[in-house]
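Each chain, written out:
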Amino acid sequence: APLTMASLRTRVRYGGDDPTRQIDSASGPTKPPADPLAGRKKAWINQILFRGYIDPLNDPLNLLSESADANARRRNSIKNCRSTDPEEAKLAEEEQRKQEEWHASWVKELIRIAKPGKSVVIESICESLCKHYREKPTVPDCGGVDKDWWERAVSTYGWDVSDIFIRDAPVTKEWKYPRYHVVMKKKMK
C-alpha cells in the first residue's frame with residue numbers, strides 16, 4: 001500500500017514485510033478528515049511534518065558548464081560512477097558526499113521545526129546514483145542517498161531523532177523506478 005498520512009497514522013513497517021518491526025505511530029483521532037487541507041487546525045495534522053520529496057542535485061560539484069542540461073549532468077555523474085580511472089572514481093565519491101550534505105541540510109530543517117515527539121516523513125527517495133547504476137544499469141534515475149546512510153547520518157549530523165523507519169515505495173505508472181520512504185521521530189525534550 002502507498003505511504004499516506006492515513007497509513008502513517010496507524011502503522012509503519014521497515015521494508016513493508018516484517019510485521020515484527022511494526023510500530024504504532026498514532027496518538028490522534030482514529031479517522032483523519034477526508035480533505036487534509038480542510039483539517040489544518042485539527043490536532044492530528046500537527047503529528048507529522050511532511051516533506052514530500054527532496055530534489056537530488058544534478059552535477060553536485062558543478063563540473064559542467066551552466067549551459068549543460070540535466071541529462072548531460074546526470075550522464076557525466078554516471079560516467080564517473082562507472083569509471084575505472086581513480087580520479088573520476090574520486091569525483092563520484094565527492095559528488096555523493098555533496099548529495100548527502102544536501103539531503104542532510106533539508107532533513108536538519110525539518111527536524112528543527114518539528115515538534116518534539118512528532119514524525120518527519122520524507123517520500124520517494126532514490127538510492128545513490130552509483131549504487132543505482134551498479135544494480136540497475138538500464139533504468140534511469142537521478143540519484144539520492146542510500147538506505148544505510150540514514151543511520152550514519154543521525155550521528156554524523158547530530159540529528160535529535162529516534163526510531164528511523166524505512167519503507168520501500170511501490171513502483172507505479174508515475175514512479176517507475178525503485179524508491180523508498182523514511183519516517184523518523186523527533187526526540188522528546
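Residues numbered from 1 in each chain as written. Predicted model: local features only at pLDDT ≥ 70, side-chain atom pairs only at ≥ 80, totals over all residues. Heavy atoms only, no water.

(A) Inspection of the overall build of the chain at higher detail. Secondary structure summary: the chain contains five helices and six strands in total. Going residue by residue from the N terminus, the α and β elements of the chain occur as α-β-β-β-α-α-β-α-α-β-β. Within the chain, the fraction of its 189 residues that count as buried is 39%. Within the chain, counting contacts between residues at least 6 apart in sequence, those at least 24 apart form 60% of the total. Carbon together with sulfur atoms contributes 52% to the accessible area of the chain, which is approximately 11100 Å² in total. (Helix = DSSP H or I, 4+ residues; strand = E, 2+ residues; numbered from the N terminus. Buried < 20%, exposed > 50% of the residue type's maximum accessible area, 1.4 Å probe, protein only. Contact = heavy atoms within 4.5 Å. Areas by Shrake-Rupley, 256 points an atom, 1.4 Å probe, with all protein chains shown as cover.)

(B) Structural context of the environment of Ile-111. Here Ile-111 is to be found in helix H3 (residues 86-113). Sequence-distant contacts of Ile-111, that is, excluding residues within four places in its chain, are made with Val-120, Trp-159, Asp-160, Val-161, Met-184 and Lys-186.

(C) Local environment of the packing of H3 against helix H5 (residues 149-157). The geometry of H3 relative to H5 is characterised by a closest axis approach of 11 Å and an angle of 70° between their N-to-C directions. One finds that H3 runs roughly perpendicular with respect to H5. Judged by the sense of rotation from one axis to the other, the crossing of H3 with H5 is right-handed. Contacts between H3 and H5 involve Glu-100, Glu-101, His-103, Ala-104 and Val-107 from the first element and Trp-149, Trp-150, Arg-152 and Tyr-157 from the second. In terms of residue class, the contact of H3 with H5 is built from five nonpolar, one polar and three charged. (Axes fitted to C-alpha atoms, helices over the stretch in contact; angles between N-to-C directions. Parallel < 35°, antiparallel > 145°, perpendicular 65-115°, else oblique. Left-handed = near helix turned anticlockwise from the far one by under 90°. Nonpolar A, V, L, I, M, F, W, Y, C, P; charged D, E, K, R; others polar.)

(D) Representation of the nonpolar core. Core analysis: the largest hydrophobic core is formed by 20 residues, its most contacted members being Val-107, Ile-122, Trp-150, Trp-159, Val-182 and Met-184. Of all elements in the fold, only H3, strand S4 (119-125), H5, strand S5 (161-169) and strand S6 (179-186) reach the threshold of two or more residues within this core. With four residues, H3 is the single largest residue contributor to this core. With residues up to four places along the chain from it excluded, the contact list for Val-107 reads Ile-54, Ile-122, Trp-150, Trp-159 and Met-184. (Core = buried A, V, L, I, M, F, W, Y, C linked by side-chain atoms within 4.5 Å.)

(E) Representation of the state of the cysteines within the structure. Applying the stated rule across the entire model yields one disulfide. One disulfide in the model links Cys-81 with Cys-130; its S-S distance is 1.9 Å. Between Cys-81 and Cys-130 the disulfide shows an S-S torsion of about -80°. By sign, it is left-handed. With a gap of 49 residues between them, Cys-81 in helix H2 (residues 70-82) and Cys-130 in helix H4 (residues 129-135) connect regions that are remote in the sequence. For Cys-81, a relative accessible area of 22% corresponds to the partly exposed category. (Disulfide = S-S within 2.5 Å.)

(F) Fine view of the packing of H2 against H3. Running from amino to carboxyl end, H2 crosses H3 at an angle of 120°, the nearest separation of the two axes being 7 Å. Accordingly, the angle class assigned to the pair H2 and H3 is oblique. Handedness of the H2/H3 crossing: left-handed. Between H2 and H3, the contacting residues are Ser-77, Lys-79, Asn-80 and Cys-81 on the first element and Glu-88, Ala-89, Leu-91, Ala-92 and Glu-95 on the second. The class makeup of the residues in the contact of H2 with H3 is four nonpolar, two polar and three charged.

(G) Summary view of the packing of aromatic side chains. Considering all chains together, one arrives at six aromatic pairs under this definition. With 6.1 Å between their ring centres and 45° between their planes, Trp-150 and Trp-159 make a pair best called tilted. Ring pairing ties together the aromatic residues Trp-149, Trp-150, Tyr-157 and Trp-159, which thus form one cluster. (Phe/Tyr/Trp six-rings, centres within 6.5 Å; stacked < 30°, edge-to-face > 60°.)

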